[in-house]
Amino acid sequence: MAMASFSFLPPSVTAGSATAANVFEMGSFNAVMEKVESGFCGGGRFAPPKPVVIGRPSDGGEFPVLLLIHGYLLYNTFYSQLIQHIASHGFIVVAPQLYTVAGPDSSGEIKATAAIADWLPEGLRQHLPPNVNPNLDKLALAGHSRGGKTSFAFALALNKSITTALKFSALIGLDPVDGTGSGKQTHPPVLKFVPQSFDFGLALPVLVIGSGLGEVKRNPLFPPCAPKGLNHEDFFNECRNPAHYLVVKDYGHLDLLDDETGGIRGKASYCLCRNGESRGPMRRFVGGAVVAFLKAYLDGEEGDLAAIEDGSRSLPLDLQTVKSLL
């Protein structure tokens, strides 16, 4: 090991050219958002199997695609600012709403992720302008919290119990969690607690981002949102190379969400988990780290990721852990 509510859609953000080269600021593209209803809501022939939010550059071009899976009982619109950040750097981000209510079994979420993946080749193109083209040869999968677990479970099941015409080229866990504060894994379990045991069937590059405060209780009434023994550390320990691991200091499990998250669930996101002083720095870091990782493994541009890991790049916050398997 080498150390190293749906109604909320913010307006498009125009990046300043002076900060275009900085992955932790908005990129050089104007990022726009669109909400697409599922076929069950009369969305037409090319409607997705689940509602989705699509973030993309308004400029013409061909762009890599990131499929982003939301966390437990969260709305995909809670990630709007993060999605815009990533899209402004030249990516198309597809964020489905897999469910609104869910129990301890995440099997349905894995199947729903597969259904969205199957929709992408034909369906995504129909919801983009003619001059914006998705490059599905450069396709990545990311998930936050329980969505991180779902993403890993989906990747582990590919070409085994799940088949798709698509090939995923990168996997990202955003403070992934495989269970509850009681120490129990939710079904189906992903972690085996055996080092480097994840078998994706190919050398799939992985980025795991963890929160330093995720394993700390907010109050005695609720368990920590990312309990130790079932969190980011364990996911990274089971990864094989190439894998990258960044743990943020002094920020919590939900600090990558939008500054304003409405409704009961949005308000609850401020009181269930231990949080940092504000969400902006964490969200900027996560967005920048994701962009740097995708640029490295989808485009062969390794400079930003290397600079984050070797400490030569100024960051919007402090890191407590930096590791890589190469």
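Look up a bit, the structure's there.
Quick caveat: nothing in here was measured; it's all calculated off a predicted structure.

Participant: I'd like to hear about the pairing of strand 7 (residues 170-174), residue by residue, with values.
Facilitator: For strand 7, the tally of buried residues reaches five of five residues, placing the bulk of the element in the interior. Judged by which residues are buried, strand 7 turns out to be covered on both faces: A170, I172 and L174 on one side and L171 and G173 on the other are all buried. In terms of strand pairing, strand 6 (residues 132-144) meets strand 7 through five bridges, oriented parallel. Within strand 7, the position partnered with G143 by the bridge is G173.

Participant: Run through helix 1 (residues 80-87), naming residues and quoting values.
Facilitator: Because the α-helix completes a turn every 3.6 residues, residues three or four places apart line up on one side. Of all eight residues that make up helix 1, seven are buried, and the element is covered over most of its length. Those residues of helix 1 not exposed but buried are S80, L82, I83, Q84, H85, I86 and A87. Here the buried face of helix 1 lies against strand 2 (31-36), strand 3 (52-57), strand 4 (61-69), strand 5 (92-96), strand 7 and helix 6 (280-298).

Participant: Could you give an account of the state of the cysteines, with specific residues and numbers?
Facilitator: What the rule picks out here adds up to one disulfide. With no disulfide of its own, C271 lies closest to C273 among cysteine sulfurs, the gap being 8.9 Å. C271 gets classed as partly exposed once you look at its relative accessible area, which sits at 39%.

Participant: Residue-level account of the nonpolar core, with values.
Facilitator: Inside soluble globular proteins, nonpolar side chains tend to come together where they are buried. Counting residues in each nonpolar core, the largest one holds 50 residues, and the members touching the most others are I92, V94, L124, F152, F154, F198 and F200. With seven residues, the single largest contributor to this core is helix 2 (residues 107-123). V53, I172, L257 and V322 belong to the second-largest nonpolar core, a separate cluster that totals 45 residues.

Calculation criteria
Residue indices follow the written sequence of each chain, beginning from 1 at its first position. Given that this is a predicted model, residues contribute local features only at a pLDDT of at least 70 and side-chain atom pairs are listed and counted only at 80 or more, while totals for whole chains, interfaces and linings are drawn from all residues. Excluding hydrogens and water, the side-chain values take into account all heavy atoms of the structure. Accessible area is worked out with a 1.4 Å probe on protein chains only. A residue is then buried under 20% of its type maximum, exposed over 50%, and partly exposed in between. Each helix corresponds to a stretch of at least 4 residues labelled H or I by DSSP, and each strand to a stretch of at least 2 residues labelled E; elements are numbered beginning at the N terminus. Two strands form a pair only when DSSP identifies at least two bridges running between them. The contact criterion used throughout is that any non-hydrogen atoms of two residues lie within 4.5 Å. The rule for a disulfide is simple: a pair of cysteine sulfur atoms within 2.5 Å. The criterion is simple. A nonpolar core is a set of buried Ala, Val, Leu, Ile, Met, Phe, Trp, Tyr and Cys residues joined through side-chain atoms within 4.5 Å.

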